[in-house]
Amino acid sequence: DDLSQAADRLGRGLVGIGWILLLAFLVLIRRLDGGLGWVFLILAISWCGDTGGYFAGRFFGRTPLYPRISPKKTWEGVGGAITLSVVGVFAVRALGLPQLPVVPALALGVGSCALGILGDLAESMLKRAFQVKDSGILLPGHGGILDRIDSVMFVAPAVFLVAALIQGGGA
């Protein structure tokens, strides 16, 4: 083994472990009171953000967000992502999370969506660094499985924190 590659191997391993640990927040949040509702909230923030970002970027996008990492993402898409995420949060709140107060709901819609976008950019950066189009072979043309859950991994810890605080810190 070449010692010059040790830091690279260590870094890859730590990133992999870290991303898997982020998914553990889905298990933790499911165990909270109303856990299924909180899981749906994570999915709504992530999926509504992806959908809102895609359509707003496609129809109104002019200003690149970070073209070196993700050339098609725009600031207009960010606005659409946040808008639809907030709508998704309030829809889930109305359907199954009445214990979520309005101000934290709004903060989750905006802040967690921003975290989801960071997760998407982080995954795009890794794909660019390794010069691959998809992160796996299970969903070719859709970026791979990791591309479907990258925002979920970054949204879940924030939603868990808010949910735990609302429930008095008990998890």
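Residues numbered from 1 in each chain as written. Predicted model: local features only at pLDDT ≥ 70, side-chain atom pairs only at ≥ 80, totals over all residues. Heavy atoms only, no water.

**A short note on the overall build of the protein chain**
Looking only at helices and strands, the protein chain has five helices and two strands in total. Ordering the α and β elements of the protein chain from the N terminus gives α-α-β-β-α-α-α. The proportion of buried residues among the 171 residues of the protein chain is 37%. Accessible area for the protein chain stands at about 10,000 Å²; split by element, carbon and sulfur atoms hold 70% of it. (Helix = DSSP H or I, 4+ residues; strand = E, 2+ residues; numbered from the N terminus. Buried < 20%, exposed > 50% of the residue type's maximum accessible area, 1.4 Å probe, protein only. Areas by Shrake-Rupley, 256 points an atom, 1.4 Å probe, with all protein chains shown as cover.)

**Comments concerning the nonpolar core**
Counting residues in hydrophobic clusters, the biggest one holds 29 residues, and the most contacted among them are I29, W38, L41, I45, L100 and V159. Here the element with the most residues in this core is helix 5 (residues 145–166); it accounts for eight residues. With residues near it in sequence (within four places) discarded, W38 still touches I29, D33, L97, Q99, L100, V159, A163, I166 and Q167. (Core = buried A, V, L, I, M, F, W, Y, C linked by side-chain atoms within 4.5 Å. Contact = heavy atoms within 4.5 Å.)

**Some words on the packing of helix 3 (residues 75–96) against helix 4 (residues 102–129)**
Where helix 3 contacts helix 4, the axes come no closer than 8 Å and their chain directions differ by 135 degrees. Considering their axes alone, helix 3 and helix 4 lie oblique with respect to each other. Crossing of helix 3 against helix 4: the hand is right-handed. Residue-level inspection shows V78, A81, I82, S85, V86, V89, F90 and R93 of helix 3 in contact with helix 4, the latter providing V102, A105, L106, G109, V110, C113 and I117. Across the contact of helix 3 with helix 4, the residue classes tally to 12 nonpolar, two polar and one charged. (Axes fitted to C-alpha atoms, helices over the stretch in contact; angles between N-to-C directions. Parallel < 35°, antiparallel > 145°, perpendicular 65-115°, else oblique. Left-handed = near helix turned anticlockwise from the far one by under 90°. Nonpolar A, V, L, I, M, F, W, Y, C, P; charged D, E, K, R; others polar.)

**Quick notes on the packing of aromatic side chains**
Two numbers describe a pair of aromatic rings. These are the distance of the centres and the angle of the planes. Inspection of the entire model under this criterion finds three aromatic pairs. When the centroid spacing of 6.3 Å and the interplanar angle of 10 degrees are considered together, the rings of F55 and F59 count as stacked. With F55 and F59 both in helix 2 (residues 35–60) and four residues apart, the pair spans about one turn of that helix. Overall, the relative accessible area of 54% leaves F59 in the exposed class. (Phe/Tyr/Trp six-rings, centres within 6.5 Å; stacked < 30°, edge-to-face > 60°.)

**Description of the packing of helix 2 against helix 3**
Their axes nearest at 6 Å, the elements helix 2 and helix 3 cross at an angle of 150 degrees. Viewed along their axes, helix 2 and helix 3 adopt a mutual orientation that is roughly antiparallel. As helix 2 runs across helix 3, the sense of the crossing is right-handed. Class assignment of the residues belonging to the contact of helix 2 with helix 3 gives a composition of 11 nonpolar, 10 polar and one charged.

**A closer look at the confidence of the model for the protein chain**
For the protein chain, the average pLDDT comes to 86, and 87% of its residues sit at 70 or higher. For the protein chain, per-element mean pLDDT is lowest for helix 1 (residues 6–30), which scores 84, and highest for helix 3, which scores 97. (pLDDT = per-residue confidence, 0-100.)

**A word on the state of the cysteines**
Overall, the coordinates contain zero disulfides when judged by the stated rule. No disulfide involves C48; its sulfur sits 9.2 Å from the nearest other cysteine sulfur, which is in C113. (Disulfide = S-S within 2.5 Å.)

**Section: the pattern of salt bridges**
Using the criterion set out here, one finds one salt bridge in the structure. Of the charged contacts, one joins K73 and D120 as a salt bridge, the two residues approaching to 2.4 Å between their closest N and O atoms. In this pair, K73 sits in strand 2 (residues 70–74) while D120 sits in helix 4, placing the two residues 47 residues apart along the sequence. Residue classification places K73 among the partly exposed residues on the basis of a relative accessible area of 24%. (Salt bridge = Lys/Arg side-chain N within 4 Å of Asp/Glu carboxyl O.)

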